[in-house]
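Inside the fold
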Amino acid sequence: MVEEVEKSSSVTEEPIMTNNPQADDDDDGEAPEEGEIVSDDDTSSSAKPTAPLAVESHPLEHSWTFWFDNPSAKSKQAAWGSSIRPIYTFSTVEGFWSLYNNIHLPSKLAVGADLHCFKNKIEPKWEDPVCANGGRWTVAFAKSKSDTSWLYTLLAMIGEQFDNGDEICGAVVNVRSRQERIGLWTKNAANEMAQVSIGRQWKEFLDYNEGIGFIFHDDAKLDRNPKNRYTV
Ligand code: MGP
């Protein structure tokens, strides 16, 4: 049994969950599956039940929370962000995979959806005090082409691959009708050295060779199409 994933108290909708629950219940009495460990003396069907094998869990440096903004819950009248909900929090490698394996990839999400993975306790909003002076790098992908980069972004973040990992708030994938965009949110937009380092490393992790731009949240608040402050 992998470490139990901490479930948020406010789970309301499941359009991001696949119908692919983890096959954790191994004691089905059937032939072992490939890779399943069977003890040598487990030769009779009347073998006594044994204590479950303890599976090591590998703690991450930080806890992370997935948030989801369901397009069908978004309303033109409601304030921006009022339909964003925390979905799950995880704090181990095993917790990440059991969650990742059960939520849709960006290519399977409905147009208009936003899926966020942020350090626990940081809300994926400009208004969050940790994000307030921050900004974001963005990479745009053709429709259904962001799945691999989304995974690599998540692994780089939760695996603390960035030299300036403390600067990172989280990442979001925006699914839109013509494209998908991944945004990497950081804390101190004015710290150019840290932002540029993060942007360069992110491109390496994604094997992305085109230019990308960094926008300050303060600029985005004033202008729907803000200018890039940094490019790498
Ligand atoms: P967006 O989501 O960055 O652009 O911001 P997108 O995806 O091109 O737009 P969409 O219409 O396709 O979703 C779009 C707008 O949402 C901004 O201009 C803001 O009005 C609002 N908005 C976005 N964010 C991330 C925030 C936020 O964190 N706080 C607030 N208050 N508004 C936001």
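We now turn to the structure provided with this report. Keep in mind it's a predicted model, so treat the numbers as computed, not measured.

Rules used throughout
Residues numbered from 1 in each chain as written. Predicted model: local features only at pLDDT ≥ 70, side-chain atom pairs only at ≥ 80, totals over all residues. Helix = DSSP H or I, 4+ residues; strand = E, 2+ residues; numbered from the N terminus. Buried ≥ 20, exposed ≤ 12 C-beta atoms within 10 Å, placed from the backbone. Contact = placed C-beta atoms within 7 Å. Near = placed C-beta within 6 Å. Nonpolar A, V, L, I, M, F, W, Y, C, P; charged D, E, K, R; others polar. Core = buried A, V, L, I, M, F, W, Y, C linked by C-beta atoms within 7 Å. Pairing = 2+ DSSP bridges.

Describing the overall build of the chain
What the chain contains, in helices and strands, is 4 helices and 9 strands. Ordered by position from N to C terminus, the α and β elements of the chain give β-β-β-α-β-β-α-β-β-α-β-α-β. Evaluated residue by residue, the chain yields a buried proportion of 28% over its 232 residues. Across the chain, contacts joining residues at least 24 apart in sequence account for 73% of those joining residues at least 6 apart.

Thoughts on the site of the ligand
The immediate surroundings of the ligand are formed by Trp80, Gly81, Lys125, Trp126, Glu127, Asn174, Arg176 and Arg224. Grouping the constituent residues of the shell around the ligand by class yields 2 nonpolar, 2 polar and 4 charged.

With respect to the nonpolar core
Residues Phe66, Leu115, Ala171 and Leu184 are the most contacted members of the largest nonpolar core, which totals 38 residues. With near-sequence residues (within four places) excluded, Ala171 lies in contact with Cys117, Thr153, Leu154, Met157, Ile182, Gly183, Leu184 and Trp185.

Some points on the environment of Pro71
In this fold, Pro71 is placed in the loop between strand 2 (59–69) and strand 3 (84–92). In sequence terms Pro71 and Ser83 are 12 residues apart; their C-alpha atoms lie 8.6 Å from each other. Leave out the neighbours within four places in its chain, and Pro71 touches Ala110, Val111, Gly112 and Ala113.

What about the pairing of strand 2?
Here strand 2 runs beside strand 3; their pairing, made up of 7 bridges, is antiparallel. Bridge pairing in strand 3 links Phe66 to Tyr88. As paired strands, strand 2 and strand 4 (residues 114–119) are joined by 6 bridges and run antiparallel to one another. Across the sheet, residue Phe66 finds its bridge partner in strand 4, namely Cys117.

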